[in-house]
Amino acid sequence: MRRARPGAPPRGTANRALTSVGAGVDFDRNPLPSDTAEREPVTTAEEESPHSRLWHITLSVSGTETPLAEIRRGLEQLAHDHPFLLTSRYAGDHAEIRYWEEARDLHDAAAVALRLWGEHRSSAQLPPWEIVGLEVIDRETYHLRVAEGYGPPPASPVGVHPY
């Protein structure tokens, strides 16, 4: 807990000041009706950015033999830290993690998935394993595969389970 006198700025911010950047001389958010014919319509960032989609991620990791209790505890902590985790299966030297990720496109979903294990390795005390497999499929493909009887079975039961 930091103790300071009331109204004192946080430590290390005494010489910093907030600044703003002007929009420019030709910026007019509410143009007059007389000049709207020549201007392009104002678009927001929401209109310009593509909508995000759901991606089904299967991340496979492997490494040296680790006690099963440590792996289970680490995967349970990962599930707590990453609430969209559907299911994890594990053995002494490998594990598979399956979950849904929301991302703009496959590249973003894969980038997030490839960072998942490393970013949570210390906080969840996961084994120092490496990623050995990654599958990223969109929601429609996932449901098509399940309906046709091939591909990953539905993530049921949800949770952390041994192979």
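Scroll up for the structure.
The rules we used
- Residues numbered from 1 in each chain as written.
- Predicted model: local features only at pLDDT ≥ 70, side-chain atom pairs only at ≥ 80, totals over all residues.
- Heavy atoms only, no water.
- Helix = DSSP H or I, 4+ residues; strand = E, 2+ residues; numbered from the N terminus.
- Buried < 20%, exposed > 50% of the residue type's maximum accessible area, 1.4 Å probe, protein only.
- Contact = heavy atoms within 4.5 Å.
- Areas by Shrake-Rupley, 256 points an atom, 1.4 Å probe, with all protein chains shown as cover.
- Phe/Tyr/Trp six-rings, centres within 6.5 Å; stacked < 30°, edge-to-face > 60°.
- Expected span 1.5 Å × (residues − 1).
- Pairing = 2+ DSSP bridges.
- Axes fitted to C-alpha atoms, helices over the stretch in contact; angles between N-to-C directions.

Student: Give me the lowdown on the overall build of the protein chain, citing residues and values where you can.
Tutor: Per the secondary structure count, the protein chain includes four helices and five strands. Seen in sequence order, the protein chain has helices and strands lined up from the N terminus as α-β-α-β-β-α-β-α-β. Burial analysis of the protein chain (163 residues in total) assigns 28% to the buried set. When contacts within the protein chain are restricted to residue pairs at least 6 apart in sequence, long-range pairs at least 24 apart make up 69% of them. Here the protein chain has roughly 11600 Å² of accessible surface; of this, 54% comes from carbon and sulfur atoms.

Student: Tell me about unusual backbone geometry, and name the residues and values.
Tutor: With a phi close to 55°, Gln125 is a non-glycine residue in the positive phi region. When you line up the elements, Gln125 lands in the loop between α3 (106–120) and β4 (130–138). Assessed through its relative accessible area of 53%, Gln125 is described here as exposed.

Student: Describe the packing of aromatic side chains, listing the residues and the values that go with them.
Tutor: A complete count under the given rule lists two aromatic pairs for this structure. On the numbers, 5.0 Å between centres and 80° between planes, the contact of Trp100 with Tyr142 is edge-to-face. Placement of Trp100 in strand β3 (residues 94–103) and of Tyr142 in helix α4 (residues 139–148) is noted, with a sequence separation of 42 residues between them. Note on accessibility: Trp100 and Tyr142 belong to one class, buried. Between Trp117 and Trp129 the ring centres are 6.2 Å apart and the planes differ by 5°, which places this aromatic pair in the stacked class. One end of the pair, Trp117, is in helix α3; the other, Trp129, is in the loop between α3 and β4, and 12 residues separate them in sequence. The same class applies to Trp117 and to Trp129, which are both buried.

Student: Before we move on, could you go through α3 and cite the residues and values that matter?
Tutor: Spanning 15 residues, α3 covers 21 Å between terminal C-alpha atoms, matching the ideal 21 Å at 1.5 Å per step. Along α3, the residues classified as buried are Ala109, Ala110, Ala113, Leu116, Trp117 and His120. Buried positions along α3 lie against β1 (53–62), α2 (68–81), β3 and β4.

Student: So what's going on with the sheet that holds β4? Residues and values would help.
Tutor: Reading across from one edge, β4-β1-β3-β2-β5 is the order of the five strands in this open sheet, with mixed pairing throughout. Because the sheet does not close on itself, it has two edges, and the strands there are β4 and β5 (159–162). Direction aside, neighbouring strands of the sheet carry axes that sit 15° apart on average. Relative to β4, β1 runs antiparallel, the two sharing eight bridges. Looking at the pairing, Ile57 lines up with Val136 of β4. This element, α2, spans β2 (85–90), β3 and β5 of the sheet and lies at about 170° to β2. Packed onto the sheet, α4 meets β1, β3 and β4 and runs at close to 90° relative to β4.

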